[in-house]
Amino acid sequence: MKTFKLSYILIIFLVISSQVFATVPSPNWGKTGHRTIGEIANDYTKSKTKRKIAEILDGQSLALVSTFGDDIKSDSRYKNFNTMHYVNMPFGVKYEDSEKNAEGDLVTGIEKCKAVILDKNASKADKAFYLKLLVHFVGDLHQPMHVGRAEDKGGNDIQVQWFGSGANLHSVWDSKMIDGFEMTYTELANNTDKISKEQVKFLQKGTITDWVNETQTFAVKAYASVAVGEKLSYNYSYENFETVRSQLQKGGIRLAKVLNDLFL
Ligand code: ADE
Ligand code: ZN
Ligand code: ZN
């Protein structure tokens, strides 16, 4: 009788907890994605930028600090930063014309980080805090589902199957495809597509807002790539992983531009 009761309680617990976990929005490019962007950015930063960053971060690498934005999510003192990891715009509406989130978004988050780093009166600790966040947010800006629709929380509410397990579209783009590729962040950073100096310059053109609008075009394609509840596996990565690799590369190259401009 006792074992029966215990198993009953255990089953109820498992059912409830699986429901809870199913609705928790997944964070960001997973750790590997963010680190890859940090590592690629390091390849495109000027020596003066590298020197200034090393000073502020006490020698910590961009790859190491790139995940800081997620780490502080578990500290309620920093909950004001939660909306700065994404921006939601209806399809076909550009950032400039969209209704803004009064609590902040990726664009205002990045602007805030830049302002503190440029502020002569800011403390070294504040500069370090906002520099780490900047590295993270410029990464998030290149994850298509971080420029998704508000109504499904950037794909967090679009349930799919990933190799037979429950997942959502957001997490597939944050981490499932990257993890399935089984390369470390250094391997991913060392195996980007070869591009010319002119192409790098071209990618570094434009504003943060232009880059957000560009990422939205990949979000539109990502939404169109699945049906709710669809069973995704190898073929989905086969069709979409080139976009992930290219967005990681662009994220790194553009993060370097943002940093080079700050530390001119
Ligand atoms: N993470 C949590 N809410 C989100 C949203 N609305 N869009 C993108 N990512 C999110
Ligand atoms: Zn995410
Ligand atoms: Zn994030």
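Residues numbered from 1 in each chain as written. Chains lettered and ligands numbered in written order. Predicted model: local features only at pLDDT ≥ 70, side-chain atom pairs only at ≥ 80, totals over all residues. Heavy atoms only, no water.

## Quick look at the overall build of the chain
Right, on to step 1. Counting its regular elements, the chain contains 12 helices and three strands.
Right, on to step 2. For the chain, with 264 residues in total, the buried portion stands at 47%.
Right, on to step 3. For the chain, long-range pairs separated by at least 24 residues make up 77% of all intrachain contacts whose partners lie at least 6 apart in sequence.
Right, on to step 4. For the chain, the accessible area works out to roughly 14,200 Å², and carbon and sulfur atoms hold 56% of it. (Helix = DSSP H or I, 4+ residues; strand = E, 2+ residues; numbered from the N terminus. Buried < 20%, exposed > 50% of the residue type's maximum accessible area, 1.4 Å probe, protein only. Contact = heavy atoms within 4.5 Å. Areas by Shrake-Rupley, 256 points an atom, 1.4 Å probe, with all protein chains shown as cover.)

## Considerations on the site of ligand 1
Right, on to step 1. As a matter of local geometry, ligand 1 sits amid eight residues, with Y86, N88, K153, G154 and H170 nearest to it.
Right, on to step 2. Here a nitrogen atom of ligand 1 and a side-chain polar atom of N88 are 2.9 Å apart.
Right, on to step 3. In the model, a nitrogen atom of ligand 1 is placed 3.5 Å from a nitrogen or oxygen of the N156 side chain.
Right, on to step 4. Relative to its free-state accessible area of 260 Å², ligand 1 is covered by the protein chains to the extent of 88%. (Near = heavy atom within 4 Å. Polar contact = N/O pair within 3.5 Å; in protein donor to acceptor, adjacent residues only side chain to side chain.)

## Thoughts on the packing of aromatic side chains
By convention here, two paired aromatic rings are described through the distance between centres and the angle between planes.
Right, on to step 1. According to the stated counting rule, one finds 12 aromatic pairs in the structure shown.
Right, on to step 2. Between Y78 and F129, the aromatic rings sit 5.3 Å apart at their centres with planes inclined by 40°, giving tilted as the arrangement. Residue Y78 is found in the loop between α5 (68-71) and α6 (106-118), and its partner F129 is found in helix α7 (residues 124-140); the two are separated by 51 residues along the sequence.
Right, on to step 3. Among the residues examined, F129 registers a relative accessible area of 13% and is labelled buried.
Right, on to step 4. Among the aromatic residues, ring-to-ring pairing joins F68, Y78, F81, F129 and Y130 into one connected group.
Right, on to step 5. Here K100 stacks its cationic end above the ring of Y95, 4.8 Å away from the centre of that ring.
Right, on to step 6. Residue placement shows K132 over the ring face of F68; its charged tip is 4.4 Å from the ring centre. (Phe/Tyr/Trp six-rings, centres within 6.5 Å; stacked < 30°, edge-to-face > 60°. Lys NZ or Arg CZ within 6 Å of the ring centre and 35° of its normal.)

## Regarding empty space enclosed by the protein
Right, on to step 1. Considering all chains together, one arrives at one cavity of 30 Å³ or more under this definition.
Right, on to step 2. T36, I40, L188, N191, T192, R245, L248 and Q249 together form the lining of the largest cavity.
Right, on to step 3. When the residues that make up the lining of the largest cavity are grouped by side-chain class, the tally is three nonpolar, four polar and one charged. (1 Å grid on protein atoms, 1.4 Å probe; cavity = no way out; pocket = protein on both sides within 12 Å on 5 of 7 lines; lining within 4 Å. Points joined across faces, edges and corners; volume = space filled by probe spheres on them. Nonpolar A, V, L, I, M, F, W, Y, C, P; charged D, E, K, R; others polar.)

## Section: the pairing of strand β2 (residues 165-168)
Right, on to step 1. Here strand β1 (residues 159-162) pairs with β2 via four bridges, running antiparallel. Bridge pairing in β2 places W162 opposite S165.
Right, on to step 2. Counted along the chain from β1 to the antiparallel partner β2, the turn is two residues long, and its residue F163 has a positive phi close to 45°. (Pairing = 2+ DSSP bridges.)

## Structural notes on the pattern of salt bridges
Opposite charge on two side chains lets them pair, provided their charged atoms get close.
Right, on to step 1. Within this structure, the stated rule accounts for 11 salt bridges.
Right, on to step 2. Between K73 and D70 there is a salt bridge, and its shortest N-O distance comes to 3.6 Å.
Right, on to step 3. Among the residues examined, D70 registers a relative accessible area of 16% and is labelled buried.
Right, on to step 4. A salt bridge links R245 to E242; the shortest N-O distance between them is 3.0 Å. Pair noted here: R245 and E242 are both in helix α12 (residues 234-262), with a separation of three residues, about one helical turn.
Right, on to step 5. Judged by relative accessible area, E242 falls into the partly exposed class, the value being 47%. (Salt bridge = Lys/Arg side-chain N within 4 Å of Asp/Glu carboxyl O.)

## Structural notes on the nonpolar core
Right, on to step 1. If you look at the biggest cluster of nonpolar residues, it comprises 61 residues, and the most contacted ones within it are L133, L134, W173 and Y236.
Right, on to step 2. Membership of the second largest hydrophobic core comes to five residues, among which are I40, A189, V200 and L203. (Core = buried A, V, L, I, M, F, W, Y, C linked by side-chain atoms within 4.5 Å.)

## Observations regarding the side chain of K250
Right, on to step 1. Relative to the elements of secondary structure, K250 occurs in helix α12.
Right, on to step 2. Residue classification places K250 among the buried positions, given a relative accessible area of 9%.
Right, on to step 3. Side chain to side chain, K250 and Q247 meet in a polar contact 2.8 Å long.

## Considering the sheet that holds β1
Right, on to step 1. The mixed open sheet is built from three strands, whose spatial order is β2-β1-β3. One side of each edge strand has no neighbouring strand; the edge strands of this open sheet are β2 and β3 (231-232).

## Digging into unusual backbone geometry
Residues other than glycine predominantly adopt negative phi, and peptide bonds predominantly adopt the trans conformation.
Right, on to step 1. Even without being a glycine, D58 presents a positive backbone phi close to 50°.
Right, on to step 2. With respect to the helices, strands and loops of the structure, D58 is situated in the loop between α3 (47-56) and α4 (62-65).
Right, on to step 3. A positive phi angle, close to 55°, is found at E182, a residue other than glycine.
Right, on to step 4. In this fold, E182 is placed in the loop between α8 (169-181) and α9 (185-190).

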